[in-house]
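Architecture at a glance
Next come the chains, spelled out residue by residue.
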Amino acid sequence: MKLRIWIVGLMIGTGAFAAESGAELFQRAVTQERAAGNLDQAIKLYQRVATEFASDRALAAKALVQEARCYEKLGQSKAVKLYEQVARDYKDQGGPLAAANARLAALRSGDRPAPLPATLSQRRLEFAHAPDRAHYAAMQTDGQRMVYKNQATGAVMVSDLSGANQRVVFKPQLWISTALPTSRDFSMVGMYQTTPDGSRTTYAVVKLDGTGYRDTGINSTCRPEWSWDNRYLLLCEGPVDPARKLLKYSVADGSVKEIGTATASSHVFSPDGRFIAYDGSAGIFVMPSEGGGSQLIANRQGGLIDWTPDGRYLAVSMDRDGAEGLWLLPVKDGKPNGDAVFVGSGSFGRFGRITASGAMIYFSTPPAGSYAEWIASLDADGQAGNWKPLVLSGSNPTPPHIRWSPDGKHLVYATTAAAGQSSWVVRIRNVATGDERQIFQSASPVYCVWAGQRPKLYCSEQSSPDKTDVVSVSTESGLTERLGSIAGSVQFYFMTADETGVYARSDVPSIALMRWDIASHQTTLLEQIPGLQSAPMGMMSPDARWIGRQQNGSLEIRPFAGGAWKSVGALVAPRQAAFSPDGNWLFYRDNDAGGNPALFRVPTAGGSQPERIGNFPSSSMAGTLYMGPDGRTLIAVVFSPAAYTSAELSMLENFEPKTQAGKQ
């Protein structure tokens, strides 16, 4: 599945775009190289950057190095001349200079990276039987057959993907909760078994011909994983907190060896059995399979999928330079061994398995993740037109936090970088063209607001459960400045009308509305409001006249300055609600008289019944509604159950660079 990534420059406050900057042109080149895979076009753009913006020596040197890398991927010798140019003419540019010298040394010693295959083979796998756990489906198939549990009898079954040629693998006496994973050669399968009274659960293995049953006696608290030769299992023992024991279990004789502490939910053997890779909280690591210290392979911007069959690479899903996709991390003797290799863009998740034959089977959700975004315009009479998909980037386990720019031409939003990852990215989007660019990345949830006429964002970044950092981000350069911290968990809502502060929701000492002052960096507790926690995100009118909440199953509003709460007359208590910019209207999602999801509006002054103004794009009650500053454009963010039913299990073949003759 392709993930659309757009790059665009942004100039705030001028009302128009200036000529494309060098940084914007460079990012366009990166997109052509990595997301689109168009190396020829990327080379032309890198050449333009180096020529047209030669006065920016840092950028020019960086562009020349990237241009050389493109030539390397094409197998052309022009790369050497470009690296030599950087080494000769840019001795003051540390990063590009070091990269050029390193590649020159490698190329002159004959260590040329093998190109990726010209054509990748990718196909979606369709199952006749539902897997035991959708996310782990990649561990239950080899692309031709699948293992699953018969829900009626509890037996472990095997069949082809269409459901034909079914047969029983194992009929248990105990209750089986899951049947996974299979060994890489699809000759064995593991399963969790629980006693009828639920008092004991253990992990057992059996061959697919029904023989060789063995109960490990261990209730593994992380995902079990097979060695490539089927001789060992990696299991975990003990609760997640305190730390679990990582165990190496011998399938032949049942012996167990403790090899370390399990800090991840899954661990995978290298093909030769010498190392174990795992995805820790700080990055992707490799450790010796007999125990010992761990080596950091990549920082926390990617999700580990698996080793390639020759052990030269770790396949990971990463978001780099705004391009989410599949990357290969070179590894030798348990240590990093060169630059990451970009395979292709798309949502590759982190639930995957590479078979003994070299095919990668992976599970991924659509680009929008668990939530979908729609946009619609209101006509002169206030009636809503057709909703159109907005398709924001990233993978959203929670609704993306969106804010309109003051001129209504752009959005800023924060979301997780990729499926299964905990890192967050902030992106700016041109509403008219759909072009996007990534401007900020964080390991924590981020909530950003526009700084009025200034080309700047103010963002709350929850650095720990009891502290939130305040960060300013330039929308032109992406430069950040940390302005201090606030106690507790704080979510920025939007700027005050006079642009001297930011309204926010805080949980200290309890759920309350607060104000953060830009000049003094001080916070002021405004009011503790029951129901504010479950209210639509930042449900305040932009003119600070009204505030809303969820209370007693009803959507209520009240003047910001105080007064009695009043119900808006909604039939349900929707989370999708937003005030108009002038505070005169409240828009919300409700069911109409026919039971269909619809968009309504009601005057905040009262005295009138809610008016149905159009359809709503989803029956889901979870999500958020955002009104544009023109009062004529609405964005609806809704929970999308289809994100699960439309999630894809795919097989990717012929993606690993071939080992060159004489090289291993």
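For clarity, every value in this text was computed on a predicted model and none was experimentally measured. (Residues numbered from 1 in each chain as written. Predicted model: local features only at pLDDT ≥ 70, side-chain atom pairs only at ≥ 80, totals over all residues. Heavy atoms only, no water.)

Moving on, we get to the overall build of the chain. Of the regular secondary structure elements, the chain holds six helices and 47 strands. Per-residue burial over the chain gives 55% buried out of 664 residues. Once local pairs closer than 6 in sequence are excluded, the contacts in the chain between residues at least 24 apart make up 45%. Summed over its atoms, the accessible surface of the chain is roughly 27,200 Å², and 50% of this surface lies on carbon and sulfur atoms. (Helix = DSSP H or I, 4+ residues; strand = E, 2+ residues; numbered from the N terminus. Buried < 20%, exposed > 50% of the residue type's maximum accessible area, 1.4 Å probe, protein only. Contact = heavy atoms within 4.5 Å. Areas by Shrake-Rupley, 256 points an atom, 1.4 Å probe, with all protein chains shown as cover.)

Between the first and last C-alpha of helix 3 (residues 57-73) there are 25 Å, a value that for 17 residues agrees with the 24 Å anticipated at 1.5 Å per step. Across the 17 residues of helix 3, twelve count as buried, placing the element largely inside the fold. Along helix 3, the positions that sit buried rather than exposed are Leu59, Ala60, Ala61, Ala63, Leu64, Val65, Gln66, Glu67, Ala68, Cys70, Tyr71 and Glu72. (Expected span 1.5 Å × (residues − 1).)

Okay, the sheet that holds strand 12 (residues 256-262) next. If you walk across this open sheet you meet the four strands as 9-10-11-12, and the pairing is antiparallel. Two strands bound the open sheet, and with one partner strand each, they are strand 9 (225-226) and strand 12. (Pairing = 2+ DSSP bridges.)

On to the state of the cysteines, then. Inspection of every chain in the model, using the stated rule, returns two disulfides. Note that cysteine 222 is cross-linked by a disulfide to cysteine 236, the S-S spacing being 2.0 Å. Handedness of the cysteine 222-cysteine 236 disulfide follows from its S-S torsion of about 85°: it is right-handed. With cysteine 222 in the loop between strand 8 (214-215) and strand 9 and cysteine 236 in strand 10 (residues 232-237), the pair connects residues that are 14 residues apart, well separated along the chain. (Disulfide = S-S within 2.5 Å.)

Turning next to the packing of helix 3 against helix 4 (residues 78-89). At a minimum axis separation of 8 Å, helix 3 and helix 4 run at an interaxial angle of 160°. Of the possible angle classes, the one that applies to helix 3 and helix 4 is roughly antiparallel. The element helix 3 and its partner helix 4 pack so that their crossing is left-handed. Of the residues in helix 4, those in contact with Arg57, Ala61, Leu64, Val65, Glu67, Ala68, Arg69, Tyr71 and Glu72 of helix 3 are Lys78, Ala79, Leu82, Tyr83, Gln85, Val86 and Asp89. (Axes fitted to C-alpha atoms, helices over the stretch in contact; angles between N-to-C directions. Parallel < 35°, antiparallel > 145°, perpendicular 65-115°, else oblique. Left-handed = near helix turned anticlockwise from the far one by under 90°.)

Phe26, Tyr46 and Tyr83 are the most contacted members of the largest nonpolar core, which totals 31 residues. Among the secondary structure elements, those contributing two or more residues to this core are helix 1 (22-35), helix 2 (39-52), helix 3, helix 4 and helix 5 (94-108). Among the elements that take part in this core, helix 3 stands out by supplying nine residues, more than any other. For tyrosine 46, the contacting residues outside a window of four places in its chain are Phe26, Ala29, Val30, Glu33, Ala63, Gln66, Glu67 and Cys70. Of all hydrophobic cores here, the second largest spans 29 residues; its members include Cys236, Ala262, Val268 and Val331. (Core = buried A, V, L, I, M, F, W, Y, C linked by side-chain atoms within 4.5 Å.)

So, on to the pairing of strand 30 (residues 446-450). Counting buried positions over the five residues of strand 30 gives five, a clear majority of the element. Two elements, strand 30 and strand 31 (residues 456-464), share five bridges in a ladder whose sense is antiparallel. The residue of strand 31 that forms the bridge with valine 446 is glutamate 461.

Right, let's get into the sheet that holds strand 5 (residues 175-182). With antiparallel pairing, four strands are arranged side by side in an open sheet as 5-6-7-8. Since the sheet does not close on itself, it has two edges, and those belong to strand 5 and strand 8, each with one partner. Pairing analysis gives five bridges linking strand 5 to strand 6 (residues 188-194), with the strands arranged antiparallel. Of the residues in strand 6, the one forming a bridge with threonine 182 is valine 189.

This next bit is on the environment of histidine 410. Positionally, histidine 410 belongs in strand 27 (residues 410-416). The exposure class assigned to histidine 410 is buried, which follows from its relative accessible area of 2%. The spacing of histidine 410 and threonine 433 is 23 residues in sequence and 9.8 Å in space, taken between C-alpha atoms.

Looking now at the packing of helix 2 against helix 3. Here helix 2 crosses helix 3 at 160°, and the two axes come no closer than 8 Å. In terms of orientation, helix 2 lies roughly antiparallel with respect to helix 3. The element helix 2 and its partner helix 3 pack so that their crossing is left-handed. The segment helix 2 lies against helix 3, with Leu39, Ala42, Ile43, Tyr46, Gln47, Val49 and Ala50 engaging Leu59, Ala60, Ala63, Leu64, Gln66, Glu67, Cys70, Tyr71 and Lys73. Considering only residue class, the contact of helix 2 with helix 3 consists of twelve nonpolar, two polar and two charged. (Nonpolar A, V, L, I, M, F, W, Y, C, P; charged D, E, K, R; others polar.)

A few words on the pattern of salt bridges. Any two side chains of opposite charge can pair, so long as their charged atoms come close to each other. Per the stated rule, a full pass over the model turns up 20 salt bridges. Two residues, aspartate 517 and arginine 515, come together in a salt bridge whose shortest N-O distance is 3.2 Å. For the pair formed by aspartate 517 and arginine 515, the shared burial category is buried. When salt bridges that share partners are traced, they join Glu461, Lys467, Asp469 and Arg482 into one network. (Salt bridge = Lys/Arg side-chain N within 4 Å of Asp/Glu carboxyl O.)

Averaged over every residue, the pLDDT of the chain is 80; the share at 70 or more is 81%. Across residues 1-18 the pLDDT falls below 50, and counting only partners more than four positions away or on other chains, this stretch makes 63 contacts in the model. (pLDDT = per-residue confidence, 0-100.)

Below, the discussion takes up unusual backbone geometry. In this structure, phenylalanine 186 takes a positive phi of about 60° despite not being glycine. The topology assignment puts phenylalanine 186 in the loop between strand 5 and strand 6. With phi around 55°, aspartate 333 is a residue other than glycine that occupies positive phi space. Within the secondary structure, aspartate 333 is located in the loop between strand 19 (323-332) and strand 20 (335-336).

A few words now on the pairing of strand 42 (residues 585-591). Strand 42 sits mainly inside the fold: five of its seven residues count as buried. One ladder, built from three bridges, connects strand 41 (residues 577-579) with strand 42; its direction is antiparallel. Residue pairing for strand 42: phenylalanine 579 is matched across the bridge by leucine 586. Counted between consecutive antiparallel strands, the loop separating strand 41 from strand 42 contains five residues, among which glycine 583 sits at a positive phi close to 75°. Where strand 42 and strand 43 (residues 597-603) come together, seven bridges link them in antiparallel fashion. In the sheet register, leucine 586 faces strand 43, and the bridge partner there is valine 602. The hairpin turn running from strand 42 into strand 43, its antiparallel successor, is five residues long, and glycine 595 in that turn takes a positive phi close to 85°.

With that out of the way, let us pick up the environment of serine 650. Within the secondary structure, serine 650 sits in strand 47 (residues 648-653). Along the backbone, serine 650 and glycine 352 are 298 residues apart, and their C-alpha atoms lie at a distance of 9.5 Å.

Below, the discussion takes up the packing of aromatic side chains. If you walk through the whole model with that rule in mind, you get ten aromatic pairs. Residues phenylalanine 492 and tryptophan 516 carry aromatic rings whose centres are separated by 5.9 Å and whose planes lie at 35° to one another, so their mutual orientation is tilted. Of the two residues, phenylalanine 492 sits in strand 34 (residues 490-495) while tryptophan 516 sits in strand 36 (residues 512-517), which places them 24 residues apart along the sequence. With respect to burial, phenylalanine 492 and tryptophan 516 carry one shared label: buried. Relative to phenylalanine 600, the ring of tyrosine 588 lies with its centre 5.8 Å away and its plane at 15°, an arrangement referred to as stacked. (Phe/Tyr/Trp six-rings, centres within 6.5 Å; stacked < 30°, edge-to-face > 60°.)

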